[in-house]
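Architecture at a glance
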Amino acid sequence: AFAANDADVIRREAEAVVQVVSDVMEQRKKLQQEQLQLLSEKIQRLKAELHEARESAALDPLTQLHNRSSLDSQLERVADLSFLMSATPCLLMIDIDHFKSINDRFGHPIGDEVIRRVADTLVRNFLRREDFVARYGGEEFVVVVPDSSAHAVRQRAERVRQSIAEIGFSKGKDHFSATCSIGVAVLGPGDTGKSWLARADAALYEAKTAGRNRVVFADDVGASVPSIPAARPVSAPPGRTISSGSLRLPGKTS
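These notes cover the structure that comes with them. Just so you know, these numbers come straight off a predicted model, no measurement behind them. (Residues numbered from 1 in each chain as written. Predicted model: local features only at pLDDT ≥ 70, side-chain atom pairs only at ≥ 80, totals over all residues. Heavy atoms only, no water.)

**With respect to the packing of aromatic side chains**
What describes a pair of aromatic rings is the distance from one ring centre to the other and the angle between the planes of the rings. Per the counting criterion, the structure on display carries two aromatic pairs. Where Phe 106 meets Phe 176, the ring centres are 4.3 Å apart and the plane angle is 10°; that geometry is what we call stacked. Here Phe 106, found in helix α3 (residues 99-106), pairs with Phe 176, found in strand β5 (residues 174-176); they are 70 residues apart in sequence, far enough to count as distant. You can call Phe 106 buried: its relative accessible area is 3%. The exposure class of Phe 176 is buried, given its relative accessible area of 0%. Linked through ring pairs, Phe 106, Phe 169 and Phe 176 together constitute an aromatic cluster. Stacked on the ring of Phe 217, the Lys or Arg Arg 154 has its end atom at 4.0 Å from the ring centre. (Phe/Tyr/Trp six-rings, centres within 6.5 Å; stacked < 30°, edge-to-face > 60°. Helix = DSSP H or I, 4+ residues; strand = E, 2+ residues; numbered from the N terminus. Buried < 20%, exposed > 50% of the residue type's maximum accessible area, 1.4 Å probe, protein only. Lys NZ or Arg CZ within 6 Å of the ring centre and 35° of its normal.)

**Some words on the sheet that holds strand β6 (residues 180-186)**
On the basis of which strands lie adjacent, the open sheet formed by five strands has the order β2-β3-β1-β6-β7 and mixed pairing. Each having just a single partner strand, β2 (132-137) and β7 (215-217) make up the two edges of the open sheet. Going across the sheet, the axis of each strand differs from the next one's by a mean of 20°, ignoring polarity. Relative to strand β3 (residues 140-145), strand β1 (residues 90-96) runs antiparallel, the two being bridged by six bridges. Looking across to β3, one finds that Leu 92 is bridged to Val 143. (Pairing = 2+ DSSP bridges. Axes fitted to C-alpha atoms, helices over the stretch in contact; angles between N-to-C directions.)

**Details of the packing of α3 against helix α4 (residues 108-125)**
For the pair α3 and α4, interaxial distance at closest approach is 7 Å and the crossing angle is 140°. One way to sum up the angle between α3 and α4 is to call them oblique. Counting all contacts with α3, which are made through Phe 99, Ile 102, Asn 103 and Phe 106, the residues of α4 involved are His 108, Ile 110, Gly 111, Val 114 and Ile 115. Among the residues forming the contact of α3 with α4, the class breakdown is six nonpolar, three polar and no charged. (Parallel < 35°, antiparallel > 145°, perpendicular 65-115°, else oblique. Contact = heavy atoms within 4.5 Å. Nonpolar A, V, L, I, M, F, W, Y, C, P; charged D, E, K, R; others polar.)

Quick look at the structure:
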């Protein structure tokens, strides 16, 4: 074009070169955007997988409740921040009475069903966002109620005890119900997560020693524990009851 000394030819060739360069730059920009989009999507997938892994690590696989590790962290967190709360945090430790006899008599799949349905009952009775429901291990559960009162928690604990006793279970022609014992501890001055849990555990032990199927507060340990009527089996005829916290099939002895 320069050799021809033709301005029009030079202009057309220059415009063609500019167009080629522009096309290359546009393609490169588009490719970079596609690569960034793919990278962003991959990062989002990795974040989702990490979140899912963390959630799985924090949940009990059988009940989908918080697990022991999550509970330990929550207890320490609530104990450390209790001075900022307007209400007194309470801790409930729940144990299914005579759970071993359920496993022995009906098998572990039925035992797992009992655990799952008790867990569901706890969740339904502690629906508030701040309530923390966890499986402590085996047939034991823990509920952390950070914003309530001892009186309100006592009422809720009695309600959940009754709700669990009303659950009906069956295997074949056999029908039965299960009860639970509950120990409650109000967070005290100087309590750590461990000492708070230990006092609830002591109250639970007192509830089981006193006959099971009852609620005992840590502050009441050593005092007279009131007797609570036990629930009847689901299919038992009127007038037949079971001993507190025991498991009895219709027509059979416990």
